[in-house]
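# Summary of structural features
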Amino acid sequence: MTTAHMEVFEEELGRLEAALNRLRHDSNAKAVFLIDKNGQQIAAAGDVEDFDSTSLASLTAGNVAATDGLAKLIGEREFSVLFHEGKRDHIHISIVAKRAILLVIFDERSSLGLVRLRVKRASAEMDRIFDDMTRKSELGPEGRVEPSPFAEITDEDIDSLFSD
Amino acid sequence: MTFINYAAKEINCKIVYYGPGLGGKTTNLQHIFTKTAPERKGKMISLATEADRTLFFDFLPLDLGTIRGFTTRFHLYTVPGQVFYDASRKLILKGVDGVVFVADSQRERMEANVESIRNLEANLKEHGFDLSAIPYALQFNKRDLPNVMPVDEMYRMLNFKREPTFEGIAPQGVGVFDTLKAVAKQILIELRKK
Ligand SMILES: Nc1nc2c(ncn2[C@@H]2O[C@H](COP(=O)(O)OP(=O)(O)OP(=O)(O)O)[C@@H](O)[C@H]2O)c(=O)[nH]1
Ligand SMILES: [Mg+2]
């Protein structure tokens, strides 16, 4: 059985981060996060330290998963955008490249309309980056810039993780 | 789905604790949380009902150190065990790398254990996973209670594929880390094959 892998390489991560930074800037948002659908953070930009990003990633993925479940129940393929409005801060959640989640946190210095517009542009760019990433991943170990470090994991390596 | 970040030199794996309602899944995570050094864990999130039953999931991120220069991170999730939360259970299995099954050792819970393993098998299948192939560990929890079924009988009834099996008393931590370690090990060994 093959468990699907997601692999992120230096070059694409740099491009994703650049795209996130631009989105953050252009939309005047507080922070933007790119999260994989299973709840792991891929990249982020903005005032990231103000947030517990690990918890944020897991709850966002749970939120999207639950909403996807709701969509299917009523015969929709997915709800492409989620928006939660708070008193001060708001969050905009959308899907990128079918497998990642883009989370934008913003306040009154921005607006839903502006965020929407900029997210759309950034998404198109990130779609392309994800395509490149997939291509690279599919090349297999030979095509990789770096060899897989895991082929040579020893039992001792594994035991050492739990040694304390 | 193992998530390997070559740029940040990180590897992330997802482990799901499965089993019948009140079996002790959340208690396993709580013990791990309590016993793990602050720098090696994130916040534990519990989406629970007012009666402390898991409603959607518990989540605990653990950082177990480095392998070959890669920070090795495990994201632990529990599912809600109550039968009627099946839709949520399915969602949480998405992208899973390994499963821990927490069985309740009390005699009157055997049927619920068996039913829950069947449910696990079916829900994994919907995501394209096969219980006979996925990293998996089994825990017979609540061994401290008086009305428990003998271990060998439970083994015959619940062991699926000779997966590593442990006796547990989760609130005291008995068997908790052994179980986690057994599944984590299998996940890392899987990586070696890829
Ligand atoms: N005596 C005893 N009690 C236990 C043990 N493990 C868990 N419990 C208790 O059993 C109850 C249920 O435990 P949980 O960890 O919440 O069970 P769960 O599997 O998460 O249940 P759901 O969220 O409904 O699926 C709690 O009151 C625990 O303290 C054990 O080994 N021995
Ligand atoms: Mg629970």
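Residues numbered from 1 in each chain as written. Chains lettered and ligands numbered in written order. Predicted model: local features only at pLDDT ≥ 70, side-chain atom pairs only at ≥ 80, totals over all residues. Heavy atoms only, no water.

Residue and element names in this part refer to chain A. Pairing in this open sheet of 5 strands is antiparallel, and the strands run 3-2-6-5-4 from one edge to the other. Because the sheet does not close on itself, it has two edges, and the strands there are strand 3 (41-46) and strand 4 (81-85). Pairwise comparison of adjacent strand axes, ignoring direction, gives a mean angle of 15 degrees for this sheet. Examined bridge by bridge, strand 2 (residues 31-36) and strand 6 (residues 100-106) share 6 bridges and lie antiparallel to one another. (Pairing = 2+ DSSP bridges. Helix = DSSP H or I, 4+ residues; strand = E, 2+ residues; numbered from the N terminus. Axes fitted to C-alpha atoms, helices over the stretch in contact; angles between N-to-C directions.)

All right, on to the site of ligand 1 then. All names here are of chain B. Close contacts around ligand 1 come from 19 residues, with K25, T27, R53, G81 and D144 the closest. Between ligand 1 and G23, the relevant distance is 3.2 Å, taken from an oxygen atom to a main-chain nitrogen or oxygen of the residue. The separation between a nitrogen atom of ligand 1 and a polar side-chain atom of N141 is 3.0 Å. In isolation ligand 1 has 650 Å² of accessible area, and contact with the protein removes 79% of it. When its residues are assigned to classes, the shell around ligand 1 shows 7 nonpolar, 8 polar and 4 charged. (Near = heavy atom within 4 Å. Polar contact = N/O pair within 3.5 Å; in protein donor to acceptor, adjacent residues only side chain to side chain. Areas by Shrake-Rupley, 256 points an atom, 1.4 Å probe, with all protein chains shown as cover. Nonpolar A, V, L, I, M, F, W, Y, C, P; charged D, E, K, R; others polar.)

The next point concerns the coordination of the magnesium ion (ligand 2). For the magnesium ion (ligand 2), the full set of protein donor atoms is T26(B) (OG1) and T54(B) (OG1), at a range of 2.0 Å. One end of the pair, T26(B), is in helix 1 (residues 25-35); the other, T54(B), is in strand 4 (residues 54-67), with 28 residues separating them in the sequence. (Donors = N, O, S within 2.8 Å, 3.2 Å for Na, K, Ca; no water.)

Attention now goes to the packing of aromatic side chains. All names here are of chain B. Applying the stated criterion to the full structure yields 8 aromatic pairs over all chains. Measuring from ring centre to ring centre gives 5.8 Å for Y6 and F70, while their planes differ by 85 degrees; the resulting arrangement is edge-to-face. Pair noted here: Y6 is in the loop between strand 1 (2-5) and strand 2 (10-18) and F70 is in strand 5 (residues 70-78), with a separation of 64 residues, a long-range link. Like Y6, the residue F70 is buried in the burial classification. With 4.9 Å between their ring centres and 50 degrees between their planes, F56 and F57 make a pair best called tilted. Taking relative accessible area as the criterion, F57 reaches 2% and is therefore assigned buried. Through a chain of ring-to-ring contacts, the aromatic side chains of F56, F57, F59 and Y77 assemble into a single cluster. Sitting over the ring of Y77, K14 keeps its end group 4.7 Å from the ring centre. The positively charged end of K41 is found above the aromatic ring belonging to F33, 4.1 Å away from the centroid. (Phe/Tyr/Trp six-rings, centres within 6.5 Å; stacked < 30°, edge-to-face > 60°. Buried < 20%, exposed > 50% of the residue type's maximum accessible area, 1.4 Å probe, protein only. Lys NZ or Arg CZ within 6 Å of the ring centre and 35° of its normal.)

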